[in-house]
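An overview of the molecular structure
In case you want the letters, here they are:
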Amino acid sequence: MSWDDYVNRNLRGAGFCYAAIVGLDGSQYAATPGYVVLPEEAKLMSDLLSSESLDAITQEGFKISGQKYAFVRGELEDDEGTILVPYVQGNNKEKSTQAVLCMRTAKCLVVAVHDPEYSNGISLGTANTEMGKLCD
C-alpha cells in the first residue's frame, strides 16, 4: 500500500476530510489531493510536539496548510511522565465546526482535518481515537 493509499483509506476512512503525513523535517510523504502542509508549519509543529510545553501556541494559535487554528487542547506526556503520542487539536478560526489534529510519531507528523459536514457522521472524538490507533 502506498502512503497516499494509507492516507485515503485509513485517515479519510476514519472521518477526516483532509489528511497528510509529513516528515519531521517538513517534507511531505502523502496527502489527500490538494491538501498541502507547508514545510515550515510541519517543522514548527514537529518541534513543538517534541518540546516540554505547548505555551507557544496556547494564546495565538497556529497555522496548518495556511489556515489559522485556535489551540483547543494537546498533550505531551501523561502524569507519570510516560510519553504518549504527542498531539495538538485546534479549531478553525473561520469555520468553528472544523478541527485539525496533529500527532507526532517517532518518524513523522500526521495531520488531519475533521469537518462534520464531510465526515459521514463520524464524530471528532471517534476520528481522534482512530487516528491515535494509527499513530501508536
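What counts, and where the lines are drawn
Residues numbered from 1 in each chain as written. Predicted model: local features only at pLDDT ≥ 70, side-chain atom pairs only at ≥ 80, totals over all residues. Heavy atoms only, no water. Helix = DSSP H or I, 4+ residues; strand = E, 2+ residues; numbered from the N terminus. Rg over C-alpha atoms; globule rule 2.2 N^0.38 Å. Buried < 20%, exposed > 50% of the residue type's maximum accessible area, 1.4 Å probe, protein only. Areas by Shrake-Rupley, 256 points an atom, 1.4 Å probe, with all protein chains shown as cover. Pairing = 2+ DSSP bridges. Contact = heavy atoms within 4.5 Å.

Helix and strand content of the protein: four helices and seven strands. Relative to the globule expectation of 14 Å for 136 residues, the C-alpha radius of gyration of the protein, 14 Å, shows essentially globular dimensions. Along the first, second and third principal axes, the C-alpha set of the protein runs to 35 × 30 × 30 Å. Expressed as a percentage of the 136 residues in the protein, the buried residues total 43%. For the protein, the accessible surface area stands at approximately 7200 Å², while carbon and sulfur atoms represent 48% of it.

Of all six residues that make up strand β1 (residues 18-23), five are buried, and the element is covered over most of its length. In this sheet, strand β7 (residues 108-114) lies alongside β1 in antiparallel orientation, the contact comprising six bridges. Paired with A19 across the bridge in β7 is A112. Alignment of β1 against strand β2 (residues 28-31), held across three bridges, turns out to be antiparallel. Counterpart to I21 in the pairing with β2 is A30. Hairpin connection between β1 and β2: a loop of four residues separates the two successive antiparallel strands, and G26 in this loop has a positive phi of roughly 100 degrees.

The subject of this paragraph is the environment of D136. Of note, D136 is situated in the segment after α4 (124-135). Assessed through its relative accessible area of 76%, D136 is described here as exposed. Taking the C-alpha atoms as reference points, D136 and T32, 104 residues apart in sequence, are found 21 Å from one another.

What follows concerns the environment of S50. Locating S50 in the fold gives a position in the loop between α2 (39-49) and α3 (55-58). Exposure remark for S50: the relative accessible area of 45% places this residue in the partly exposed category. A sequence separation of 55 residues divides S50 from T105, and the C-alpha atoms of the two residues are 9.6 Å apart.

With that out of the way, let us pick up the pairing of β7. For β7, the tally of buried residues reaches seven of seven residues, placing the bulk of the element in the interior. Side chains C108, V110, A112 and H114 project from β7 onto one buried face, and the interleaved L109, V111 and V113 project onto a second face that is buried too. Across six bridges, the pairing between strand β6 (residues 99-104) and β7 is antiparallel. Following the sheet pairing, V100 is matched in β7 by V113. Taken together, β6 and the strand that follows it, β7, pair antiparallel across an intervening segment of three residues.

As for its position among the elements, T32 is in the loop between β2 and α2. Judged by its relative accessible area of 2%, T32 falls in the buried class. Setting aside its immediate chain neighbours within four residues, T32 contacts V7, N8, R12, C17, Y18 and A19.

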